[in-house]
Amino acid sequence: MDAQIRVARAALHMWEEPCLSGRSGSGAVFFSGCALGCIFCQNREIASGKAGLVIPEARLSEIFLELQEKGANNINLVTAGHYVPQVIRALACAKSQGLRIPIVYNSSGYEKAETLRQLEGLIDIYLPDLKYLTPELAAAYSHAPDYPQYAMEAISEMVRQQPQAEFMPEDRTEVSPIMRRGVIVRHLLLPGHVREAKKVVGYLHETYGDQIYISMMNQYTPMSEKFADPNLNRRVTKREYERLLDYAAEIGVENGFYQEGATADESFIPKFDYEGVRKK
Ligand code: SF4
């Protein structure tokens, strides 16, 4: 992407972890472009950078304030890593005008620690993926054999900045306590890759214990195109997901999220119709 900010959607989003979405939703701003190029990407339309409207920094600040006004529990910066300097300025401007809800940095994990250090003090909740620990798998599925190294260093920096989770005072109208600060690391279980998933969850638990939350996801949805790797042409089975959850319980993961029911559903993919991007 170039220096112009491109955004595909800015709206209340109900499909994050309950401590982020709550009842009123997370104020998700979907930036166009992505530093990774996963072959199974379900958000290809925006990850490729094709969808999205170019907006000035001042409009981005306004969008943050508008989402707060709509009742968002937080501002959720989805894949903003390639716009960090612009986001820092837009956040500073919005904060000076009354933005007070937590800021979530939602990322593939393919980040440089030095970039994250620039965000210190501005981000309340880090929400990275840890997709793989095996370089060969990261190369095959995301063209990035160095992903594990960068993602491990990035998560370490995120935990340094937010070493302990905190929640808002209990609100009985809410579905769950709402997070105020902390780190939630996501892992999307890929079909046929329970062993890799266990390695990821084991590493996170051994390294960070209950300092972080681990979100284990089963929502992988095959694309309409067929891949040479047959694993990618099917969904995760119930048994595969259970094996991962059983393992997490066995090793003592308590701060965890899992998905219920048949969640491999298209409803997780929002419409990138520029909702909330243009000024009304
Ligand atoms: S990190 Fe996510 S958005 Fe980026 S290419 Fe991979 S699946 Fe798509």
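Everything below is about the structure printed above this text.
What this report covers is the structure whose coordinates are included nearby. Counting restarts for each chain, with residues numbered from 1 along the sequence as it is written. In keeping with the model being predicted, local features are shown solely for residues with a pLDDT of at least 70 and side-chain atom pairs are shown and tallied solely at 80 or more, while totals for entire chains, interfaces and linings include all residues. Only hydrogens and water are removed before side-chain values are computed, so all heavy atoms of the structure are retained for them.

### With respect to the pairing of strand E5 (residues 103-107)
Along any regular strand the residues' side chains alternate between the sheet's two faces. What counts here: The cut-offs for exposure are 20% and 50% of the maximum accessible area for each residue type, with area from a 1.4 Å probe on protein chains only; residues under the lower value are buried, those over the upper are exposed, and the others partly exposed. Labels follow the DSSP assignment, with helices taken as runs of H or I lasting at least four residues and strands as runs of E lasting at least two, numbered in each case from the N terminus. By definition, two strands form a pair when at least two bridges between them are found by DSSP. A crossover counts as right-handed when, viewed with the strands pointing away from the observer, the path leading from the first strand over the helix to the second turns clockwise.
Among the five residues of E5, five are classified as buried, and the element is accordingly described as predominantly covered. Alternating residues of E5 divide into Ile103, Tyr105 and Ser107 and Val104 and Asn106, and every residue in both groups is buried. Relative to E5, strand E4 (residues 75-78) is paired through four bridges, and the arrangement is parallel. Its bridge partner lying in E5, asparagine 76 is registered against valine 104. The parallel pair E4 and E5, bridged by helix H4 (residues 84-96), forms a crossover whose chirality is right-handed. As judged from the four bridges shared by E5 and strand E6 (residues 125-128), these two strands associate in the parallel manner. Residue pairing across strands places valine 104 opposite isoleucine 125, the latter belonging to E6.

### A short note on the site of the ligand
Put simply, the rule reads: Any residue with a heavy atom positioned within 4 Å of a molecule or strand is treated as near that molecule or strand. Every definition here rests on a 1 Å grid over the protein atoms only: cavities are sets of points where a 1.4 Å probe fits but cannot get out, pockets are open sets enclosed by protein on both sides within 12 Å along at least five of seven lines, and lining residues have some atom within 4 Å of a point. Assignment of a molecule to a cavity or pocket requires that more than half of its atoms lie within 2 Å of the corresponding grid points. Classification convention: Asp, Glu, Lys, Arg as charged; Ala, Val, Leu, Ile, Met, Phe, Trp, Tyr, Cys, Pro as nonpolar; all other residues, Gly among them, as polar.
Neighbouring the ligand are the residues Cys34, Leu36, Gly37, Cys38, Cys41, Ala47, Ser108 and Lys131. More than half of the atoms of the ligand fall within 2 Å of the grid points belonging to the largest pocket. Of the residues that constitute the shell around the ligand, the class distribution is five nonpolar, two polar and one charged.

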